[in-house]
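Below, each chain spelled out in residue letters.
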Amino acid sequence: MSSGYHTSWKVPPEHREDPAYRAAGRRMDFAQAVYDRRSGLGWSTAELARRAGMAEEDIESIEESGIDPTLELIEQLACAFDSGARIDPGSTPEFRFEDRAA
């Protein structure tokens, strides 16, 4: 089997520091966090959109990594989920929604 760049998905270190690469990673982590929380609650995209006061298309775009995670958007979704949000650039994934401590 070939061990070329695309077959092993190795990303050169200089690409990892590229701002566009890091931004794409944040969008993917955010998308996954929204999907995980929404599906964990058993909600459809329409239900999350209703609770967050957003259009269903916006939720779908977020879950497709199409929207940057702004502070306002994170707060809006955290309120809809009745959860906290954790951002930790030193971990993978960098972003997740969490239950609030009792």
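The notes below deal with the structure included here. These figures come from a predicted structure and were not determined experimentally. Residues take numbers from 1 onward in each chain, read along the sequence in its written order. Confidence filtering applies because this is a predicted model: local features only for residues at pLDDT of at least 70, side-chain atom pairs given and counted only at 80 or more, and all residues used for totals across whole chains, interfaces and linings. Calculated side-chain values reflect all of the structure's heavy atoms, with hydrogen atoms and water omitted.

## Digging into the packing of helix α4 (residues 45-52) against helix α5 (residues 56-63)
Here is step 1: Think of each axis as a best-fit line through the C-alpha atoms, taken over the contacting stretch in the case of a helix, with angles from 0 to 180 degrees between the N-to-C directions. Labels follow the DSSP assignment, with helices taken as runs of H or I lasting at least four residues and strands as runs of E lasting at least two, numbered in each case from the N terminus. Running from N to C, α4 and α5 point in directions that differ by 115 degrees, and their axes come no closer than 8 Å. Here α4 is positioned roughly perpendicular relative to α5, judged by the angle of their axes. The element α4 and its partner α5 pack so that their crossing is right-handed. On α5, the residues touching Thr45, Ala46, Leu48 and Ala49 of α4 are Glu56, Ile59, Glu60 and Glu63. Throughout this description, any angle smaller than 35 degrees is read as roughly parallel, any larger than 145 degrees as roughly antiparallel, any in the 65 to 115 degree range as roughly perpendicular, and the remainder as oblique. Crossing handedness follows the turn of the near helix against the far one: under a right angle anticlockwise gives a left-handed crossing, and clockwise gives a right-handed one. Contacts were defined at the residue level, with two residues in contact if any of their heavy atoms lie within 4.5 Å.

## Remarks on the pairing of strand β2 (residues 95-98)
Here is step 1: Only one face of β2 is buried: it carries Phe95 and Phe97, and the other face, with Arg96 and Glu98, is open.
Here is step 2: When DSSP finds at least two bridges between two strands, those strands are taken to pair. Pairing of strand β1 (residues 84-87) with β2, which is carried by four bridges, proceeds in the antiparallel orientation. The residue of β2 that forms the bridge with glycine 84 is glutamate 98. Partly exposed residues are those whose accessible area sits between 20% and 50% of the maximum for their type, while under 20% is buried and over 50% is exposed, using a 1.4 Å probe and protein chains only.

## Examining the environment of tyrosine 35
Here is step 1: Here tyrosine 35 lies in helix α3 (residues 19-40).
Here is step 2: Since its relative accessible area comes to 40%, tyrosine 35 is described here as partly exposed.

## Focus: the packing of aromatic side chains
Here is step 1: Two aromatic rings, drawn from Phe, Tyr or Trp (for Trp, its six-membered ring), form a pair once their centres lie within 6.5 Å of each other, and the interplanar angle then sorts them: stacked below 30 degrees, edge-to-face above 60, tilted otherwise. Tallied over the full model, the rule gives four aromatic pairs.
Here is step 2: Seen in terms of ring centroids, phenylalanine 30 and phenylalanine 95 are 5.2 Å apart; in terms of plane orientation they differ by 80 degrees. Their pairing is edge-to-face. Of this pair, phenylalanine 30 sits in helix α3 while phenylalanine 95 sits in strand β2, placing them 65 residues apart in sequence.
Here is step 3: Residue phenylalanine 95 is classed as buried on the basis of its relative accessible area, which comes to 6%.
Here is step 4: When the centroid spacing of 5.8 Å and the interplanar angle of 25 degrees are considered together, the rings of tryptophan 43 and phenylalanine 81 count as stacked. You can see tryptophan 43 sitting in the loop between α3 and α4 and its partner phenylalanine 81 sitting in helix α6 (residues 71-81), a full 38 residues away along the chain.
Here is step 5: Members of the aromatic cluster, connected to one another through ring pairs, are Phe30, Trp43, Phe81, Phe95 and Phe97.

## A word on unusual backbone geometry
In most cases, non-glycine residues show a negative phi, while peptide bonds are predominantly trans.
Here is step 1: A positive phi angle, close to 65 degrees, is found at serine 65, a residue other than glycine.
Here is step 2: Following the sequence through the fold, serine 65 ends up in the loop between α5 and α6.
Here is step 3: Here serine 65 falls in the partly exposed class, since its relative accessible area comes to 23%.
Here is step 4: The phi angle at aspartate 82 is positive, at roughly 55 degrees, despite the residue not being glycine.

## Considering the pattern of salt bridges
For side chains of opposite charge, pairing can occur when their charged atoms come near one another.
Here is step 1: By definition here, a salt bridge exists when the distance from a side-chain nitrogen of Lys or Arg to a carboxyl oxygen of Asp or Glu is within 4 Å. In total, this model carries eight salt bridges according to the counting rule given.
Here is step 2: Here glutamate 47 makes a salt bridge to arginine 51, at a shortest N to O gap of 2.5 Å. With a gap of four residues between them, glutamate 47 and arginine 51 both fall in helix α4, about one helical turn apart.
Here is step 3: What makes glutamate 47 partly exposed here is its relative accessible area of 21%.
Here is step 4: Residue arginine 86 is joined to glutamate 98 by a salt bridge in which the shortest nitrogen-to-oxygen separation is 3.1 Å. Within this pair, whereas arginine 86 is found in strand β1, its partner glutamate 98 is found in strand β2, the two being separated by twelve residues in sequence.
Here is step 5: Each of Glu47, Arg50 and Arg51 takes part in a single network of salt bridges with overlapping partners.

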